[in-house]
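Descriptive structure summary
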Amino acid sequence: MSANEEVKVTGTRRAGEKFPDLHPSVPFVDVASEDDDSGPPKVSLKVRIDPALGDERSNLTEIKMEMLESLHGQSARYVHTRYLLDKLVFPKQGITGPKDCFKRLRIFESLLGPKTKSTFASMLGRAVEEIFKMKGWSTTKTHIAKLKKDYSLYEALLQKGGTDKIKLSADAGATDEEKEAFLLQQYQKFEQYVYWFLGELIFKDHRNCLDDHKDYVLNDIVKPKSMSVISYLSRVNYMYEIIPYLQAPSDEGETARKADYNSLQSEVDARIIRRAQYNGLPKIFQNELEDRRVKWRTTLSDSNWHDELVSIERKEQRDLLEEKAKKRKSAEGAKTPGGQGGNKQQKASNKKGKGGGTPGGNNNPTAGLTAGQGMKFCPLCHGAGLPETVYRTHNMANCNKKDVFSQALSAAVKPKPAPSAGRGRGQFQLMEHHRIEMTNRLQEANTREQIRRAFRAATSPEEVCQYLRVMDPTLEDTYLARRMPMYFDPHGNAELQSSLPMAYDETNTGYGQFEDGKEDKKPPADGHY
């Protein structure tokens, strides 16, 4: 069983899900890429750097967000857009209070496509109509119809606390504090009603959307093979953070006025989140936690829980690498002359030393070829396991990797003389042992050189950890402790990473430095590479 084993089921099943034919409002693994140029167009929003300094040009920055060209079947994109607005835009602009609901709605409207804006306008009208079905207003249907066509009139109505034709029905007996509380409630209700009517179009089975989402995260998700533990924990947390942007539950036949909006704002118990994270882990992780007797349910802190899972992940990856190394060595042993995979005829030819006077002459890459034929051969690249298209293009004297491979061998590679007939089988086995050892060391040197090159080209923290994990696990420990927080944005939004608490700092990568032909340098005591 591999470290990231998934549940095997028949039917159509998406990555990150245990069962087929699931239809969540927000899938656990979002296949859409925000960096895809073929995706929806971007909309630029001007956002303050410091909310207290106002809208001066030097205090403004630009955030690009995806345009919502359609609302049908776009529940995950719709939820994520509202999530980013609440995290990146509204706090920076200082528009988080009830009376700022119209400013927030206008910013949201700016992210809609031309066709979607007409749908949004109709939702605003329905919300105004729903507001005036509540007790507290004294007006006529004619005035309500005017407010439905232009919701800015309703905004002016709330700011003035009513007009001559549209009055508060409790004007005579209500105190100023009661009137103000009522008006604040109207602001809040209006925004809730607008998004509730939008949810009717966006979410499938919108009345049970919230309960279905919680059940999906708790029971139906699984960590994909390609997802690291850090990304997995971050994604589970995100699935609970987006709950306020789902649809408020309601009974059949009820409208926005009867929906339960408090259930969207209620905080999820930390034990439920921990249970969801545990349920989505592969079985091998769960078994390891049980063997270690980790009290993950309540007593383990978030940091310790994170460390335990990362430790198990490293252990499983090391075991996997060791298993692959054993298979490779056994395969090489089967191919060597006189090995278990050789037949009697091959063994006999090996003893006779055919093919240029070297052991196992039939496997000699230069057998049957002469220098006059123009063929080239590099024993260093051949021993390192490089393809024929590489080691046939040059000789050892012209090898670009000669220094790297020579250092791995601690001496220049020289061809071994053929054993004489009088030395017997013991001398032959000794030479064969030296040849296999040389091949293994060359392959290891080539692997480390490839890792160095890939490490320099790493563009994400996860790639860095993968390379460090192969070279030296202690380097990864230092990197995680000094350079990577516990969580980072699962969608890779650069602005979100730089704004949210515990977000990944793009400016502090510190990927480490390596020099060709030298051992990897470990970071100094202060943790800086």
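Computed from a predicted structure; not experimentally measured. (Residues numbered from 1 in each chain as written. Predicted model: local features only at pLDDT ≥ 70, side-chain atom pairs only at ≥ 80, totals over all residues. Heavy atoms only, no water.)

1. Some thoughts on the overall build of the protein
When helices and strands are tallied, the protein shows 20 helices and four strands. Burial statistics for the protein: of 529 residues in total, 42% are counted as buried. At a minimum sequence separation of 6, the contacts of the protein that also span at least 24 residues come to 64%. In the structure as shown, the protein presents an accessible area of about 29300 Å², 49% of it carried by carbon and sulfur atoms. (Helix = DSSP H or I, 4+ residues; strand = E, 2+ residues; numbered from the N terminus. Buried < 20%, exposed > 50% of the residue type's maximum accessible area, 1.4 Å probe, protein only. Contact = heavy atoms within 4.5 Å. Areas by Shrake-Rupley, 256 points an atom, 1.4 Å probe, with all protein chains shown as cover.)

2. Quick word on the confidence of the model for the protein
Regions with low pLDDT should not have their predicted coordinates read in detail. The predicted model of the protein has a mean per-residue pLDDT of 74, with 63% of residues at 70 or higher. pLDDT under 50 marks residues 411–416. Its contacts with residues more than four places away, or in other chains, come to five contacts. Residue range residues 485–529 is modelled with pLDDT below 50. Its contacts to residues more than four positions away, or to other chains, number 103 contacts. (pLDDT = per-residue confidence, 0-100.)

3. Some points on the side chain of histidine 213
Its location among the elements puts histidine 213 in helix 7 (residues 209–219). Here histidine 213 is in contact with Val26, Met239, Ile242, Ile243 and Leu246, once residues within four sequence places are set aside.

4. Notes on the packing of aromatic side chains
Tallied over the entire structure, the rule returns 13 aromatic pairs. Ring geometry for phenylalanine 102 and tyrosine 187: centres 6.0 Å apart, planes at 80°, overall edge-to-face. In this pair, phenylalanine 102 sits in helix 2 (residues 101–110) while tyrosine 187 sits in helix 6 (residues 176–202), placing the two residues 85 residues apart along the sequence. Under the relative-accessibility criterion, phenylalanine 102 is labelled buried at 1%. On the basis of relative accessible area, tyrosine 187 is assigned to the buried category, the value being 2%. Geometrically, the ring pair formed by tyrosine 278 and tryptophan 296 is stacked, given 3.9 Å between the ring centres and 10° between the ring planes. Of the two residues, tyrosine 278 is situated in helix 10 (residues 270–279) and tryptophan 296 in the loop between helix 11 (283–291) and helix 12 (302–335); the sequence distance between them amounts to 18 residues. You can call tryptophan 296 buried: its relative accessible area is 1%. Each residue in the set Tyr78, Phe108, Phe120, Tyr195 and Phe203 is aromatic and connected to the rest through ring pairs, giving one cluster. (Phe/Tyr/Trp six-rings, centres within 6.5 Å; stacked < 30°, edge-to-face > 60°.)

5. Concerning the nonpolar core
A general tendency of soluble globular proteins is for nonpolar side chains to be buried together. Counting 90 residues, the largest nonpolar core has Tyr154 and Phe190 as the members making the most contacts within it. It is helix 6 that contributes the most residues to this core, eleven residues altogether. Aside from chain neighbours lying at most four places away, what touches tyrosine 154 is Phe102, Val128, Ile131, Phe132, Leu147, Gln186 and Phe190. Counting residues in each nonpolar core, the second largest holds twelve residues, with Leu380, Ala384, Tyr391 and Leu442 among its members. (Core = buried A, V, L, I, M, F, W, Y, C linked by side-chain atoms within 4.5 Å.)

6. Remarks on the pattern of salt bridges
The final tally for this structure, using the stated rule, is 17 salt bridges. In this structure, the salt-bridge partner of arginine 104 is glutamate 191, at a minimum N-O distance of 2.8 Å. Of this pair, arginine 104 sits in helix 2 while glutamate 191 is found in helix 6, placing the two residues 87 residues apart along the sequence. The burial state of arginine 104 is the same as that of glutamate 191; both residues are buried. (Salt bridge = Lys/Arg side-chain N within 4 Å of Asp/Glu carboxyl O.)

7. Thoughts on helix 1 (residues 75–93)
Taking 1.5 Å of rise per residue, 19 residues should cover 27 Å, and helix 1 covers 26 Å from first to last C-alpha, within 8% of that figure. The positive-phi residue at the C-terminal boundary of helix 1 is glycine 94, with phi of around 70°. (Expected span 1.5 Å × (residues − 1).)

8. Concerning a negative patch on the surface
A cluster of acidic residues, Asp205, Asp211, Asp212 and Asp215, forms a negative patch on the protein surface. Position of aspartate 211 among the secondary structure elements: in helix 7. (Patch = residues over 30% accessible without salt bridge, like charges linked within 9 Å, V, L, I, M, F, W, Y side chains within 5 Å. Lys, Arg positive; Asp, Glu negative; His and termini not counted. Charge placed at Lys NZ, Arg CZ, Asp CG, Glu CD.)

9. Notes on the environment of phenylalanine 405
Note on placement: phenylalanine 405 falls in helix 16 (residues 402–409). What makes phenylalanine 405 buried here is its relative accessible area of 0%. As a C-alpha pair, phenylalanine 405 and alanine 445 span 40 residues in sequence and 6.1 Å in three-dimensional space. In contact with phenylalanine 405, not counting residues within four places along its chain, are Leu380, Cys381, Ala384, Leu442, Ala445 and Asn446.

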